[in-house]
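Examining the three-dimensional arrangement
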Number of protein chains: 2
Amino acid sequence: MNTAQFTAETISGGIRERDFIVGDVTGVLWSASHDPASPTSASPEGTRQGTAQGTPQPTPLILLGHGGGNHRKSPAMSGRAERLVAAGFSAVSIDAPGHGGRPLTAHDEREIAEMHRLMSTGEPVGPVVVRYNAHLADRAVPEWQATLDALLELPEFGPDTPVGYFGLNMGTAIGVPLTAAEPRIRAAVFGLFWPDIVAAIARRITIPIEFALQWDDEHIPRDAGLALFDAFASEEKTLHANAGRHKELPRFEADSAVRFFARHLLGGTSVTAAPSPARAVTATAATA
Amino acid sequence: MNTAQFTAETISGGIRERDFIVGDVTGVLWSASHDPASPTSASPEGTRQGTAQGTPQPTPLILLGHGGGNHRKSPAMSGRAERLVAAGFSAVSIDAPGHGGRPLTAHDEREIAEMHRLMSTGEPVGPVVVRYNAHLADRAVPEWQATLDALLELPEFGPDTPVGYFGLNMGTAIGVPLTAAEPRIRAAVFGLFWPDIVAAIARRITIPIEFALQWDDEHIPRDAGLALFDAFASEEKTLHANAGRHKELPRFEADSAVRFFARHLLGGTSVTAAPSPARAVTATAATA
């Protein structure tokens, strides 16, 4: 089995950022720093205060899947990591195949050229994104699994570490097959993708899901986005559809994702002010 | 103009609850108490700490519309009020016509009997709920407006008080025409209702909206719920669709509604840990 080789480390603003390599995959791990002046280091690194018994529990780990054309340290990834660490999580992102300086195959180059051609002529790019991202997912899923194997060997984690996955766009194209294959993932945030190919896999997923969709997405037809949300077999799933175009996802959805992971992976604690039992009866419309 | 006549007052858990009457409408006003031991009374009643200039700002007021067959102090109303007061708001609920001990007309009695008959035979009750709630809205909208007139005369509020509306089920059937008619309402949470009648009115509404829908609602067809969300002309609107039946709305949606009002009505402050600018560019699926 591969191990994680750490290659660089910085500490800033209460967050420890470590670059690593697993095999030939480049990744980054964010966690709370030891800095006692930091508001995020109230509990020892790698543990947090447990439930009433006071038992330390492993810090949950969120896998962050970046979007197409992006990389492991894009602003969306580091921004989500910052929010997650502040809320008591660690977070990891790896470069997808052909991304973040990883080598491009001839197949990658042909597909990327085709997408650029379609965008320059204004033709729909979705069909090529769908097929190319499915190809990337075939390569990325075992890379994510090897990364998870390696990280959970670290002293700060362990086999009982709660794991979540958070990825939109290409991060969903890769994350859905990863989640279907990976029983260690207990909760996931997906969105902004087409149902072709991915929906059939989503039907095997039963963990809690939060799903982001843009109501006026110029690339993904509304019914297609709704069909992907519908496909998940999860008993608990929430769709967040916001007015706006494909790239206009409101930033408050990142905060919502953190709260979603807190509900499901931080047992007995919550980042919200009020307790949130899973279900409650609301007033009914059907009795006058 | 009617004034609010206060008829009873209790203080508990940092919350001051005052019953009042405006005309012949029974209502209840929840606000932070003076109790210095309470975490919700850090700022003087009726004001809260303002922005960097230190100017006190009026406490925003949220209008809570209850569901059909319910009343102003139902658990859903008092639970939302508790969350809102803790976050820096005041909240008010009034009994809808024929609800909470208010007299029933012969028309009310006929419609209620018809709904009970349909439910006992398992026939769709939606068409009667839609037409009866539209009738109630005709009576309730001027009552809400008179209540708002009266409350904003109180020393703790004022003409610049930011106002929001929060009502699901029948609370949406009444709230949509109220919001369309009432320019003082600046943000609203709606949901769990049919588009018939109400959607045409929603097309005139442009304020920020959060909208709750149950993905497996046994009364409201999915397409009907989506059509009502779609109807709002608001540039900023968010749909929260949760797996589950009509009465299974997750309680965390009440916390979400409080955060929504905080974003829009508590200028410069936020109940979330991280800053939340309205929009941010996400990674794109369309560029590989």
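Remember, it's a predicted structure, so these values are computed and weren't measured experimentally.

Rules used throughout
Residues numbered from 1 in each chain as written. Chains lettered and ligands numbered in written order. Predicted model: local features only at pLDDT ≥ 70, side-chain atom pairs only at ≥ 80, totals over all residues. Heavy atoms only, no water. Phe/Tyr/Trp six-rings, centres within 6.5 Å; stacked < 30°, edge-to-face > 60°. Helix = DSSP H or I, 4+ residues; strand = E, 2+ residues; numbered from the N terminus. Buried < 20%, exposed > 50% of the residue type's maximum accessible area, 1.4 Å probe, protein only. Lys NZ or Arg CZ within 6 Å of the ring centre and 35° of its normal. Expected span 1.5 Å × (residues − 1). Core = buried A, V, L, I, M, F, W, Y, C linked by side-chain atoms within 4.5 Å. Contact = heavy atoms within 4.5 Å. Salt bridge = Lys/Arg side-chain N within 4 Å of Asp/Glu carboxyl O. Pairing = 2+ DSSP bridges. Right-handed = clockwise from strand over helix to strand, strands pointing away. pLDDT = per-residue confidence, 0-100.

Okay, the packing of aromatic side chains next. What characterises a pair of aromatic rings is the spacing of the ring centres plus the angle enclosed by the ring planes. Overall, the coordinates contain 22 aromatic pairs over all chains when judged by the stated rule. Between the aromatic rings of F6 of chain B and F20 of chain B, the centroid separation amounts to 6.1 Å while the plane-to-plane angle is 70°, which identifies the pairing as edge-to-face. Taken as a pair, F6 of chain B in strand β1 (residues 5-12) and F20 of chain B in strand β2 (residues 15-22) lie far apart in primary sequence, 14 residues in all. Overall, F6 of chain B belongs to the partly exposed group, its relative accessible area being 35%. Positioned above the aromatic ring of F229 of chain A is the side chain of K237 of chain A, whose terminal nitrogen or guanidinium carbon lies 4.8 Å from the ring centre. A cation over an aromatic ring shows up here: R263 of chain B above the ring of F252 of chain A, its NZ or CZ 3.5 Å from the ring centre.

It is worth spelling out helix α7 (residues 252-265) of chain B at this point. Residues and elements named next belong to chain B. Here α7 spans 20 Å end to end across 14 residues, near enough to the 20 Å set by a 1.5 Å rise per residue. Across the 14 residues that make up α7, a large majority, 12, are buried. All of the buried residues in α7 are F252, E253, A254, D255, S256, A257, V258, R259, F260, F261, A262 and L265.

Now for the nonpolar core. Counting 119 residues, the largest nonpolar core has L63 and L239 of chain A together with L63 and L239 of chain B as the members making the most contacts within it. Once residues within four sequence positions are removed from consideration, L63 of chain A is found in contact with V92, W144, L148, V163, G164, Y165, F166, L178 and I185 of chain A.

As a further point, take the environment of P103 of chain A. Residues and elements named next belong to chain A. Structurally, the position occupied by P103 is in the loop between β7 (90-94) and α2 (106-121). Among the residues examined, P103 registers a relative accessible area of 66% and is labelled exposed. The contact partners of P103, leaving out residues within four places of it in the chain, are G98 and D108.

Right, let's get into helix α6 (residues 222-231) of chain B. Listed in full, the buried residues belonging to α6 of chain B are A224, G225, L226, L228, F229 and A231 of chain B. Where the residues of α6 of chain B are buried, they touch α6 (222-231) and β11 (237-242) of chain A together with α4 (170-181), α5 (198-202), β10 (209-214) and β11 (237-242) of chain B.

Before going further, it helps to spend a moment on the pattern of salt bridges. Residue and element names in this part refer to chain A. On inspection of all chains with the given rule, the structure shows 34 salt bridges over all chains. Of the charged contacts, one joins K73 and D19 as a salt bridge, the two residues approaching to 3.0 Å between their closest N and O atoms. Within this pair, whereas K73 is found in the loop between β6 (61-65) and α1 (75-86), its partner D19 is found in strand β2 (residues 15-22), the two being separated by 54 residues in sequence. Judged by relative accessible area, which is 28%, K73 ranks as partly exposed.

Quick look at the pairing of strand β1 (residues 5-12) of chain A now. All names here are of chain A. Two strands pair when backbone bridges link them, and β1 and β2 are joined in this way by 7 bridges, in the antiparallel orientation. Along β2, the bridge assignment pairs F6 with F20. Linkage of β1 to β2, two consecutive antiparallel strands, is achieved through a turn of 2 residues, within which G13 is found at a positive phi near 60°.

The subject of this paragraph is the pairing of strand β8 (residues 163-167) of chain B. Residue and element names in this part refer to chain B. Across the 5 residues that make up β8, a large majority, 5, are buried. With burial as the criterion, each face of β8 is covered, one bearing V163, Y165 and G167 and the other bearing G164 and F166. As paired strands, β8 and strand β9 (residues 185-191) are joined by 4 bridges and run parallel to one another. Looking at the pairing, V163 lines up with I185 of β9. In terms of handedness, the path from β8 via α4 over to β9 forms a crossover that is right-handed.

Residues and elements named next belong to chain A. Summary statistics for chain A give a mean pLDDT of 88 and a share of 85% for residues scoring 70 or more. Across residues 36-53 the pLDDT falls below 50, and counting only partners more than four positions away or on other chains, this stretch makes 41 contacts in the model. For the stretch residues 269-288, pLDDT sits under 50, and the model shows 63 contacts to residues farther than four places along the chain or on other chains. Reported for the predicted complex are a pTM of 0.87 and an ipTM of 0.85.

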